[in-house]
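# What the coordinates show
Here are the chains, one letter per residue:
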Amino acid sequence: MNNKEKYKQAFSAIHISDNLSLEVNQMTNASKKIKLNKLVAVVAICVLVIGSATTTYALDVGGIQRTIQLWLHGEQTDVTIEFDGSGNYEMDYVDGEGNTQHRGGGGIAYDAWGNERPLTEEELMEEMNSPEVYYSDDGSVWVYWYDQKIDITDKFEDGLCYIKLVHGDETLYMTAKYQDGWSTSSNRFVEP
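Residues numbered from 1 in each chain as written. Predicted model: local features only at pLDDT ≥ 70, side-chain atom pairs only at ≥ 80, totals over all residues. Heavy atoms only, no water.

For threonine 175, the location among the structural elements is in strand E11 (residues 170-177). Of the polar contacts made by the side chain of threonine 175, one reaches the backbone oxygen of valine 190; its length is 2.7 Å. Setting aside residues no more than four positions away along its own chain, threonine 175 makes contact with Cys161, Tyr162, Trp182, Ser183, Phe189, Val190 and Pro192. (Helix = DSSP H or I, 4+ residues; strand = E, 2+ residues; numbered from the N terminus. Polar contact = N/O pair within 3.5 Å; in protein donor to acceptor, adjacent residues only side chain to side chain. Contact = heavy atoms within 4.5 Å.)

As structure tokens, this is what we get:
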């Protein structure tokens, strides 16, 4: 008789109790339920993620739109904006008169080696938050910056206007050439 047969003979008289057998079956069933619940949760999350991504894609036709607040004409305005990744943006908003307005823009910058590159989203946002000169139909000229509306109509001398803008800790020096653009600097007035 070999060892295997001796072990079988020695332990053949021992039987597992019915209570222990029932407990093992209950633990096995509970483990299966937990695995099934986890599987259902994972499938539900996947469906939710895929469904929301599909809805976002369908609403935006593939681009990434977001709604942000910008200061436009001295008023904080909800704007739906889309950046195309090539240094351009398009935005829609409702003006003070309830009309839907559309604007777009973009630009390029040059790196240290003189190579052209598209502006980043951060650079475009900085540009959109910069001061703006607006010429009214009534002949008045206004500067809009954040919540400031400054009438500079009478400040032009020989077609130039120099104005210091302050918003919190930020100070800008603006040089405006009548009907011919403007520039700003955080250090000093820019000479035309």
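This brings us to the sheet that holds strand E1 (residues 65-72). Taken in spatial order, the 4 strands make up an open sheet running E1-E2-E3-E4, and their pairing is antiparallel. Whereas interior strands pair on both sides, the edge strands pair on one side only; in this sheet they are E1 and strand E4 (100-106). Each adjacent strand pair in this sheet contributes to an overall mean axis angle of 30°, direction not counted. Sheet topology places E1 next to strand E2 (residues 75-83); 8 bridges connect them, and they run antiparallel. The residue of E2 that forms the bridge with arginine 66 is isoleucine 81. Here helix H3 (residues 121-128) sits on the sheet and contacts E1, E2, strand E3 (88-94) and E4; the angle it forms with E2, its principal contact strand, is near 150°. (Pairing = 2+ DSSP bridges. Axes fitted to C-alpha atoms, helices over the stretch in contact; angles between N-to-C directions.)

Attention now moves to the nonpolar core. Core analysis: the biggest nonpolar cluster contains 14 residues, and Val143, Ile152 and Leu165 have the highest contact counts within it. Elements with a contribution of two residues or more to this core: strand E8 (141-145), strand E10 (160-167) and E11. If we skip the residues at most four places from it in the chain, isoleucine 152 touches Val141, Trp142, Val143, Cys161 and Ile163. Among the nonpolar cores identified, the runner-up in size contains 12 residues, and Val79, Tyr89, Tyr93 and Ala109 belong to it. (Core = buried A, V, L, I, M, F, W, Y, C linked by side-chain atoms within 4.5 Å. Buried < 20%, exposed > 50% of the residue type's maximum accessible area, 1.4 Å probe, protein only.)

Spatially, 3 strands are ordered E7-E8-E9 in an open sheet, and the strand pairing comes out antiparallel. Strand pairing shows two members of the sheet lacking a second neighbour, strand E7 (132-135) and strand E9 (148-151), which therefore form its edges. Strand-to-strand, the axes of this sheet are offset by a mean angle of 25°, without reference to chain direction. Note that E7 and E8 share 4 bridges and pair antiparallel. Considered in E8, the bridge of glutamate 132 is made with tyrosine 144.

So, about unusual backbone geometry. Residue aspartate 158 is not a glycine yet carries a positive backbone phi of 55°. Looking at where aspartate 158 falls in the secondary structure, it is placed in the loop between E9 and E10.

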